[in-house]
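# Descriptive analysis of the structure
Okay, here's what each chain looks like letter by letter:
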Amino acid sequence: MLKVLKFGGTSVANLEKIKNVSKIISKQRDEGHDIIAVVSAMSGETNKLLKYAHKLSKKPKKNELDMLLSAGERITSSLLSIVLNEHNYKTISMSGRIAGIVTDDKHTNARIKSIDVKNLKNEIKNGNIIIVAGFQGITYNTNRVSTLGRGGSDLSAVAIAGAIKADLCELYTDVDGIYTTDPRIEPKAKKLNKISYDEMLELASSGAKVLQNRSVEMAKKLNVNLISRSSFTPDVEGTLITKEENIMEKPVVSGIAVDKDQVRVGMFKVSDKPGIAASIFSSLANEDINVDMIVQTVGVDGKTDLDFTIPTNDFEKCKNVMEKFVKDTQKIDYNEFICKISIVGVGMKSHTGVASKAFSTLAQEGINIRIISTSEIKISMIVEEKYAELAVRALHEAYNLDK
Ligand code: ADP
Ligand code: ASP
Ligand code: MG
């Protein structure tokens, strides 16, 4: 088989762990597989480098940040290559550029445009184990290093697996699969054998950072079968992320995600006239601020209330944009101490009462819901951040996810 194996930051956190990863790779090699390993930076490294940049400048240029951050993954790829050589395995490490990953020009959050698999194919033919530095590519127009957004090594692995038509893509992390909720929040969380792309995408987009959401989107598009598993217990079977039709039993609720990195923006008594919402949200979009939930109440006396949420990272930028709209509203109020709880399941399409159960469960715990939004397979609720863990545990029990 041709396998793409991805190792996240915690799996390569120090030299001992890099040695451990080399054993997982060499074992698979001995079993006869061709291997492309994709690695993250050692855990904490990307944050450390970011902090350095921000110590030197309030607003470092994004292309320089990419040059800086991409170094983290390059360090790991060469170290892993070195340790495998030490055990007489033939390897070649590659930066994103050499691996042929071409992106658009959006530095720090670039999208992959194409992958030229020529070098990858040649080196497989030469009998090498390939170790690719994840999270990076080069820009199509300017030929500069780019990075793929936080958690982007997942995307590197999936995109390479899709482009080279690998038989399997295994993502090794510090948990042995996808659980019904973050096992660090709810120890009673249960591991899922399989989960559909759509459900995984919703969980990942709602704060379950076990997989980067864009990588799941790409896996679905390119039909890459993904396995999430642990590098600490590599013999334990992980979770398969696959097409919905490959899953026989469809639970009503598959999982619960929590996202604490949200800020609620409340605009009170906004002028209720055509074009206001368009103007606010296009101004935010122009600054690349990703607005998540939006609620507008029914207007009274020419005024309406408008609430929306944005990622905490964009808080400062958002405040600057909102300056422009102070004159159109009585008050703008920001709340950083909120979180979003999302319940996800394909079975919701054909079941009723799923949402009302969520509302009554939180009511019983005395938790007030500030914003609600629903889609075919997801219910999301904004609550105060201090209730995050309590809400997750109560909902986990209410939907019998621990059974
Ligand atoms: P890596 O460094 O390997 O990319 P991450 O830290 O990005 O790993 O993701 C793994 C973490 O995701 C786990 O340690 C776990 O706390 C968290 N997580 C959140 N939701 C889930 C879930 N539903 N199932 C498993 N892990 C989850
Ligand atoms: N090192 C990058 C990050 O911390 C990419 C990754 O780990 O996937 O976001
Ligand atoms: Mg990750």
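The preceding data block contains the structure.
These remarks concern the structure in this document. (Residues numbered from 1 in each chain as written. Chains lettered and ligands numbered in written order. Predicted model: local features only at pLDDT ≥ 70, side-chain atom pairs only at ≥ 80, totals over all residues. Heavy atoms only, no water.)

### Digging into the side chain of R264
Looking at the element boundaries, R264 is found in strand β13 (residues 255-271). Look past the residues within four positions of R264 in its chain and what remains in contact with it is D307, F308, T309, D333, Y334, N335, I338, R370 and I371. (Helix = DSSP H or I, 4+ residues; strand = E, 2+ residues; numbered from the N terminus. Contact = heavy atoms within 4.5 Å.)

### Focus on the sheet that holds strand β4 (residues 101-103)
Strand order in the open sheet formed by 4 strands is β5-β4-β7-β8, with mixed pairing between adjacent strands. Edge positions in the sheet fall to β5 (112-115) and β8 (145-147), since each of these pairs with one other strand and no more. In this sheet, neighbouring strand axes are inclined to one another by 45° on average, regardless of whether the strands run parallel or antiparallel. Sitting on the sheet, helix α3 (residues 62-86) touches β7 (136-139) and β8, and the angle it makes with β8 is about 75°. Sitting on the sheet, helix α5 (residues 153-163) touches β4, β5 and β7, and the angle it makes with β5 is about 45°. (Pairing = 2+ DSSP bridges. Axes fitted to C-alpha atoms, helices over the stretch in contact; angles between N-to-C directions.)

### So, the sheet that holds strand β9 (residues 168-173)
Strand order in the open sheet formed by 8 strands is β3-β6-β2-β1-β9-β11-β12-β10, and the pairing between neighbours is mixed. The open sheet is flanked by β3 (91-94) and β10 (194-196), the only strands paired with a single partner. On average, each strand axis in the sheet is tilted by 20° relative to the strand beside it, whichever way the strands run. With 4 bridges connecting them, β3 and strand β6 (residues 129-133) associate as parallel partners. Looking at the pairing, M94 lines up with V132 of β6.

### Some remarks on the site of ligand 2
Taken together, S40, A41, T46, E73, F135, R150, G151, G152 and S153 form the complete shell of residues around ligand 2. Within the side chain of T46, a nitrogen or oxygen atom sits 2.8 Å from a nitrogen atom of ligand 2. In this structure, a nitrogen atom belonging to ligand 2 sits 2.8 Å away from a side-chain N or O atom of E73. Within the complex, the protein chains bury 86% of what would otherwise be the 270 Å² of accessible surface of ligand 2. In terms of residue class, the shell around ligand 2 is made up of 2 nonpolar, 5 polar and 2 charged. (Near = heavy atom within 4 Å. Polar contact = N/O pair within 3.5 Å; in protein donor to acceptor, adjacent residues only side chain to side chain. Areas by Shrake-Rupley, 256 points an atom, 1.4 Å probe, with all protein chains shown as cover. Nonpolar A, V, L, I, M, F, W, Y, C, P; charged D, E, K, R; others polar.)

### Some words on helix α7 (residues 213-222)
For α7, the full list of buried residues reads R214, S215, V216, M218 and A219. The inward-facing, buried residues of α7 contact β5, α5, α6 (197-205) and β11 (226-230). Backbone geometry just downstream of α7 places N223 in the positive-phi region, at approximately 60°. (Buried < 20%, exposed > 50% of the residue type's maximum accessible area, 1.4 Å probe, protein only.)

### A closer look at the nonpolar core
Core analysis: the largest hydrophobic core is formed by 43 residues, its most contacted members being V4, I36, L120, I160, C169, M200 and L226. When residues of this core are assigned to their parent elements, the largest contribution, 6 residues, is made by α5. If near-sequence neighbours (up to four positions away) are discounted, L120 is found in contact with I36, M94, A99, I130, V132, I160 and I164. Counting 22 residues, the second largest nonpolar core, distinct from the first, contains I256, M348, M381 and A391. (Core = buried A, V, L, I, M, F, W, Y, C linked by side-chain atoms within 4.5 Å.)

### Regarding the pattern of salt bridges
Taken as a whole and judged by the stated rule, the model has 25 salt bridges. One salt bridge in this structure joins D235 and K27, with 3.8 Å as the shortest N-O distance. Here D235, found in the loop between β11 and β12 (239-242), pairs with K27, found in helix α1 (residues 15-30); they are 208 residues apart in sequence, far enough to count as distant. Put simply, R264 and D333 hold a salt bridge, and the shortest N to O gap is 3.5 Å. Here R264 is found in strand β13, whereas its partner D333 is found in strand β16 (residues 331-344), with 69 residues between them in sequence. With a relative accessible area of 2%, R264 lands in the buried category. (Salt bridge = Lys/Arg side-chain N within 4 Å of Asp/Glu carboxyl O.)

### What about the environment of K188?
Mapped onto the elements of the fold, K188 is located in the loop between β9 and β10. Sequence spacing of K188 and D402 is 214 residues, and the spatial spacing of their C-alpha atoms is 5.8 Å. Leaving out residues up to four positions away in the same chain, K188 has contacts with H396 and D402.

### Thoughts on the environment of K61
As for its position among the elements, K61 is in the loop between α2 (45-56) and α3. The sequence separation of K61 and I98 amounts to 37 residues, and the corresponding C-alpha distance is 24 Å.

### Quick word on the packing of helix α10 (residues 354-364) against helix α11 (residues 388-398)
Two elements in contact, α10 and α11, have axes whose closest approach is 10 Å; the angle formed by their N-to-C orientations is 130°. Classed by the angle they form, the pair α10 and α11 counts as oblique. When the axes of α10 and α11 are compared, the crossing they make is right-handed. Counting all contacts with α10, which are made through K357, A358, T361 and L362, the residues of α11 involved are A391, A394, L395 and A398. In terms of residue class, the contact of α10 with α11 is made up of 6 nonpolar, 1 polar and 1 charged. (Parallel < 35°, antiparallel > 145°, perpendicular 65-115°, else oblique. Left-handed = near helix turned anticlockwise from the far one by under 90°.)

### A short note on the site of ligand 1
As a structural note, the neighbourhood of ligand 1 is formed by 18 residues, with T173, D174, Y179, D182 and R184 the closest of them. Here an oxygen atom of ligand 1 sits 2.7 Å away from a polar atom, N or O, in the side chain of T173. D174 is positioned with one of its side-chain polar atoms (N or O) 2.9 Å from an oxygen atom of ligand 1. The protein chains hide 89% of the 580 Å² of surface that ligand 1 would expose on its own. Residues belonging to the shell around ligand 1 are distributed by class as follows: 7 nonpolar, 6 polar and 5 charged.

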